Amino acid sequence: VSQDKNSLLGKIIAIDKENSNFNLISIGHRNPQGLFYEKSIDLIMNTEHGPKGGDEVNLNFQNKTLIPNYGWDIASYGSPYSGIDNFKKSHKEFGFIEPFKNYTPSIGISEIVNLTKDQNPTGSNNALYVSSLRAGSIYIIETDKDIKKILNEDRLFFKEQRIRDIEFDRENNVFLVLFEFTPSIGVIKFLG
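What you see is a predicted model, and the numbers here were worked out from it, not measured in a lab.

Looking only at helices and strands, the protein chain features 0 helices and 13 strands. Along the chain direction, N to C, the helices and strands of the protein chain fall in the order β-β-β-β-β-β-β-β-β-β-β-β-β. With the C-alpha coordinates of the protein chain rotated into their principal frame, the extents come out at 45 × 40 × 35 Å. The long-range fraction of contacts in the protein chain, counting pairs at least 24 apart against all pairs at least 6 apart in sequence, stands at 43%. Summed over its atoms, the accessible surface of the protein chain is roughly 10,600 Å², and 51% of this surface lies on carbon and sulfur atoms. Of note, the protein chain has its 22 positive side-chain charges centred 4 Å away from the centre of its 25 negative side-chain charges.

Okay, the sheet that holds strand E4 (residues 43–48) next. Read from one edge to the other, the open sheet built from 4 strands follows the order E3-E4-E5-E6, with strand pairing classed as antiparallel. On the outer flanks of this sheet lie strand E3 (32–38) and strand E6 (101–103), each paired with one strand and no other. Across the sheet, the mean angle from the axis of one strand to that of its neighbour is 15°, orientation sign disregarded. By the bridge criterion, 3 bridges tie strand E5 (residues 55–61) to E6 in an arrangement that is antiparallel.

Bringing the nonpolar core into the picture now. Membership of the largest hydrophobic core comes to 31 residues, with the highest contact counts inside it found for Met45, Leu128, Tyr129 and Phe175. Listed by contribution, the elements that provide at least two residues to this core are E4, E5, strand E7 (109–115), strand E8 (126–132), strand E9 (137–143), strand E11 (163–169) and strand E12 (174–179). Apart from the residues within four sequence positions on either side, Phe175 is in contact with Leu115, Pro121, Tyr129, Ile166, Glu167, Phe168, Gly186, Val187, Ile188 and Phe190.

Quick look at empty space enclosed by the protein now. Summed over all chains, the structure comprises 1 cavity of 30 Å³ or more. Of the volumes computed, that of the largest cavity is approximately 70 Å³. Every residue along the wall of the largest cavity is listed here: Gly28, Arg30, Glu48, His49, Gly50, Pro51, Gly54, Glu56, Tyr70, Trp72, Ala75 and Ser76. Across the lining of the largest cavity, the residue classes tally to 4 nonpolar, 5 polar and 3 charged.

As a further point, take the sheet that holds strand E13 (residues 184–188). One open sheet accounts for 3 strands, arranged E11-E12-E13; its pairing is antiparallel. Looking at which strands have only one partner, the edges of the open sheet turn out to be E11 and E13. Neighbour-to-neighbour, the strand axes of the sheet open up by a mean angle of 20°, direction not taken into account. The sheet contact formed by E11 and E12 spans 6 bridges and is antiparallel. Looking at E12, one finds that Asp165 is bridged to Leu178.

Further remarks concern the environment of Lys148. Structurally, Lys148 can be placed in the loop between E9 and strand E10 (150–157). Distance in space between the C-alpha atoms of Lys148 and Leu59 is 8.7 Å, their sequence separation being 89 residues. When near neighbours in sequence (up to four residues on either side) are disregarded, Lys148 contacts Phe61 and Phe100.

Our focus in this paragraph is the packing of aromatic side chains. Under the counting rule described, the total for this entry stands at 7 aromatic pairs. For the pair Trp72 and Phe87, a centre-to-centre distance of 5.0 Å together with 40° between the ring planes defines the contact as tilted. One end of the pair, Trp72, is in the loop between E5 and E6; the other, Phe87, is in the loop between E5 and E6, with 15 residues separating them in the sequence. Between Tyr129 and Phe190, the ring centres sit 6.4 Å apart and the planes meet at 45°, which makes this aromatic pair tilted. In this pair, Tyr129 sits in strand E8 while Phe190 sits in the segment after E13, placing the two residues 61 residues apart along the sequence. Across this residue pair, the class does not change: Tyr129 and Phe190 are buried. Taken together, the ring pairs connect Tyr129, Phe168, Phe175 and Phe190 into an aromatic cluster. Over the ring of Tyr103 we find Lys101; its NZ or CZ atom is 5.2 Å from the centre of that ring. Taking the ring centre of Phe61 as reference, the NZ or CZ of Lys148 above it sits at 5.2 Å.

About the criteria used
Residues numbered from 1 in each chain as written. Predicted model: local features only at pLDDT ≥ 70, side-chain atom pairs only at ≥ 80, totals over all residues. Heavy atoms only, no water. Helix = DSSP H or I, 4+ residues; strand = E, 2+ residues; numbered from the N terminus. Contact = heavy atoms within 4.5 Å. Areas by Shrake-Rupley, 256 points an atom, 1.4 Å probe, with all protein chains shown as cover. Lys, Arg positive; Asp, Glu negative; His and termini not counted. Charge placed at Lys NZ, Arg CZ, Asp CG, Glu CD. Pairing = 2+ DSSP bridges. Axes fitted to C-alpha atoms, helices over the stretch in contact; angles between N-to-C directions. Core = buried A, V, L, I, M, F, W, Y, C linked by side-chain atoms within 4.5 Å. Buried < 20%, exposed > 50% of the residue type's maximum accessible area, 1.4 Å probe, protein only. 1 Å grid on protein atoms, 1.4 Å probe; cavity = no way out; pocket = protein on both sides within 12 Å on 5 of 7 lines; lining within 4 Å. Points joined across faces, edges and corners; volume = space filled by probe spheres on them. Nonpolar A, V, L, I, M, F, W, Y, C, P; charged D, E, K, R; others polar. Phe/Tyr/Trp six-rings, centres within 6.5 Å; stacked < 30°, edge-to-face > 60°. Lys NZ or Arg CZ within 6 Å of the ring centre and 35° of its normal.

Below is the structure:
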């Protein structure tokens, strides 16, 4: 269904709030969880749940003339919960866009935040902060300034927690995380 351009299932769309018209931004998504727009480089980032494994971070640069296709339900690094695994493991070989990062086994990926080099409290590089439900963690993916190459990866683990959401409060230089099991809001400040 996500490959069918006449259906909105498995799509990221842009909606004009004034007249309700919409445009397809990308197709081939299984279960999008988080969206982040980086205006400085016209980039939409999304996280999505894979099947059994294959959670993804996808980068959707907006300067393309074709609608990007991320491959679901043909390509996935995950596998079905039962039955034969017919998923193509390479996206690129079959004409789809490779995930920027995939997690197998699944982390129960949730939200994503991007901080440019000058905003990032943890270091000298641009960084994606990816929250997870199943792994109870925030994954830190340091990238080059154009978000095209992974330079380093780290992980903050929170025992017996599921992280539903993450936001960065630029005014106070802190992360706000929504813990699901407690339920509570955590405030994380990196000291440098």
